[in-house]
Amino acid sequence: MGRLFVVNLEGKVYSCKHCRTHLALYEDIVSKSFHCRHGKAYLFNKVSNVFVGVKEERPMMTGTHVVADIFCVGCGSIVGWKYETAYEKSQKYKEGKSVLERFKVSGPDGSSYWVNHEAHVGGSDADEV
């Protein structure tokens, strides 16, 4: 596979909850109102230290998109997905951006998001089904 290079980010960092590899900066958040199977998810302009899986069409609450799962380079855990193609004109802003699931990352203050199984999953940007 070659040599593994990990970029250390500076500032308010979201990191993999399993291995603490830096994944994204707070200032790169586009939206905090996304949802996935495990609860909250955030849309980021850019993420670091991930590798992209196989592209696939996936039906989501906002329509069908071509997405690819993204994996932490440190431990290989799935941490979210990347939007490759959005078919709906209103969803084009997501193309090239990535979603990190809060359940799978630690926040800038070191906090982890825990799933509330009674929580209502929905909202205008809810996407993973």
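Residues numbered from 1 in each chain as written. Predicted model: local features only at pLDDT ≥ 70, side-chain atom pairs only at ≥ 80, totals over all residues. Heavy atoms only, no water.

In the annotation of an unreviewed UniProt entry, the entry for the protein reads Protein yippee-like, and the organism field reads Manihot esculenta. According to its UniProt record, the protein has this under Sequence similarities (unreviewed entry): "Belongs to the yippee family." (UniProt positions renumbered as here; feature names shortened; annotations may be inferred.)

Participant: Kindly report on the nonpolar core, identifying the contributing residues and their values.
Facilitator: Y14, C16, L23, A24, I29, Y42, F44, I70, C72, V79, L100 and V105 form the largest nonpolar core, which has twelve residues in total. Elements with a contribution of two residues or more to this core: β1 (13–16), β2 (22–25), β4 (39–44) and β6 (63–72). Filtering out sequence-adjacent residues up to four positions away, V79 remains in contact with L23, V50, I70, F71, C72, V99, L100, E101 and K104. With nine residues, the next largest nonpolar core counts C36, A41, W81 and V99 among its residues. (Core = buried A, V, L, I, M, F, W, Y, C linked by side-chain atoms within 4.5 Å. Buried < 20%, exposed > 50% of the residue type's maximum accessible area, 1.4 Å probe, protein only. Helix = DSSP H or I, 4+ residues; strand = E, 2+ residues; numbered from the N terminus. Contact = heavy atoms within 4.5 Å.)

Participant: Would you mind going over the sheet that holds β1 in detail, with residue names and values included?
Facilitator: Whether parallel or antiparallel, the strands of a sheet pair through hydrogen bonds between backbone atoms. Judged by pairing direction, the sheet is antiparallel, and its three strands sit side by side in the order β2-β1-β9 without closing on themselves. Edge positions in the sheet fall to β2 and β9 (105–106), since each has one partner strand and no second. Bridging between β1 and β9 involves two bridges; their strand directions are antiparallel. Residue S15 lies in a different strand from β9, and its bridge partner there is S106. (Pairing = 2+ DSSP bridges.)

Participant: Outline unusual backbone geometry, supporting the account with residue identities and numerical values.
Facilitator: Peptide bonds are trans in most cases, and residues, glycine excluded, mostly fall at negative phi. Its identity as a non-glycine residue notwithstanding, R20 has a phi of 70°, on the positive side. Here N49, not a glycine, exhibits a phi torsion of approximately 60°, which is positive. Along the chain, N49 falls in the loop between β4 and β5 (50–60). A relative accessible area of 8% means that N49 is categorised as buried.

Participant: Account for the packing of aromatic side chains, naming residues and giving values.
Facilitator: Enumeration over the complete set of coordinates arrives at four aromatic pairs. With 5.9 Å between their ring centres and 85° between their planes, Y14 and Y42 make a pair best called edge-to-face. Taken as a pair, Y14 in strand β1 and Y42 in strand β4 lie far apart in primary sequence, 28 residues in all. An identical accessibility class is assigned to Y14 and Y42; each is buried. A centroid spacing of 6.3 Å and a plane angle of 75° characterise the contact between W81 and Y83, whose relative ring orientation is edge-to-face. Positioned above the aromatic ring of F103, the side-chain terminus of K17 is 4.1 Å from the ring centre. (Phe/Tyr/Trp six-rings, centres within 6.5 Å; stacked < 30°, edge-to-face > 60°. Lys NZ or Arg CZ within 6 Å of the ring centre and 35° of its normal.)

Participant: So what's going on with the environment of H65? Which residues, and what values?
Facilitator: Mapping H65 onto the fold places it in strand β6. For the pair H65 and K94, spaced 29 residues apart in sequence, the C-alpha separation works out to 9.6 Å.

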